[in-house]
Amino acid sequence: MANIKSAIKRAKTNEIARMRNKTVRTSLKTTEKQFKNAVAEGNKENAQQAYNAAAKQLDKAVAKHVIHKNKASNKKSQLAKALNTITD
């Protein structure tokens, strides 16, 4: 454990940020799973709604500096590719 006051404060803020980032990442994984389940069902309308929710979550994660913007872009591209494989 740190002895200097500023290092103690820094450790505390780092822990708070880590927990916040963890919740954002967990919710991202959940929305991606929901999208993949919708794609597996083959229902294009549900999959489109799930894609929109996942894309919004990714954009929010970028805004909060949890993930890099290029990672979010690549992930949205992968999800869109999966969405386009569904035929009605």
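First things first, this report covers the structure right here in the doc.

Parameters and conventions
- Residues numbered from 1 in each chain as written.
- Predicted model: local features only at pLDDT ≥ 70, side-chain atom pairs only at ≥ 80, totals over all residues.
- Heavy atoms only, no water.
- Axes fitted to C-alpha atoms, helices over the stretch in contact; angles between N-to-C directions.
- Helix = DSSP H or I, 4+ residues; strand = E, 2+ residues; numbered from the N terminus.
- Parallel < 35°, antiparallel > 145°, perpendicular 65-115°, else oblique.
- Left-handed = near helix turned anticlockwise from the far one by under 90°.
- Contact = heavy atoms within 4.5 Å.
- Nonpolar A, V, L, I, M, F, W, Y, C, P; charged D, E, K, R; others polar.
- Salt bridge = Lys/Arg side-chain N within 4 Å of Asp/Glu carboxyl O.
- Buried < 20%, exposed > 50% of the residue type's maximum accessible area, 1.4 Å probe, protein only.

Closest axis-to-axis distance for the helix 1 (residues 5–41)/helix 2 (residues 44–63) pair is 8 Å, and the angle between their directions is 160°. Of the possible angle classes, the one that applies to helix 1 and helix 2 is roughly antiparallel. The handedness of the crossing between helix 1 and helix 2 comes out as left-handed. Counted together, Val 24, Ser 27, Leu 28, Thr 31, Glu 32, Gln 34, Phe 35, Ala 38, Val 39 and Glu 41 of helix 1 and Asn 46, Ala 47, Ala 50, Tyr 51, Ala 54, Gln 57, Leu 58 and Ala 61 of helix 2 form the full contact between these two elements. By residue class, the composition of the contact of helix 1 with helix 2 is 11 nonpolar, five polar and two charged.

This part covers the pattern of salt bridges. Using the criterion set out here, one finds three salt bridges in the structure. Ionic pairing is found between Lys 76 and Asp 59, a salt bridge with its closest N-O pair at 2.8 Å. Taken together, the positions of Lys 76 in helix 3 (residues 69–84) and Asp 59 in helix 2 put the pair 17 residues apart, joining distant regions of the chain. Under the relative-accessibility criterion, Lys 76 is labelled partly exposed at 22%. Judged by relative accessible area, which is 40%, Asp 59 ranks as partly exposed.

Before going further, it helps to spend a moment on the environment of Lys 22. Mapping Lys 22 onto the fold places it in helix 1. For Lys 22, a relative accessible area of 46% corresponds to the partly exposed category. Separated by 40 residues in sequence, Lys 22 and Val 62 place their C-alpha atoms 14 Å apart.

Treat this as a map of the structure, not an account of what it does.
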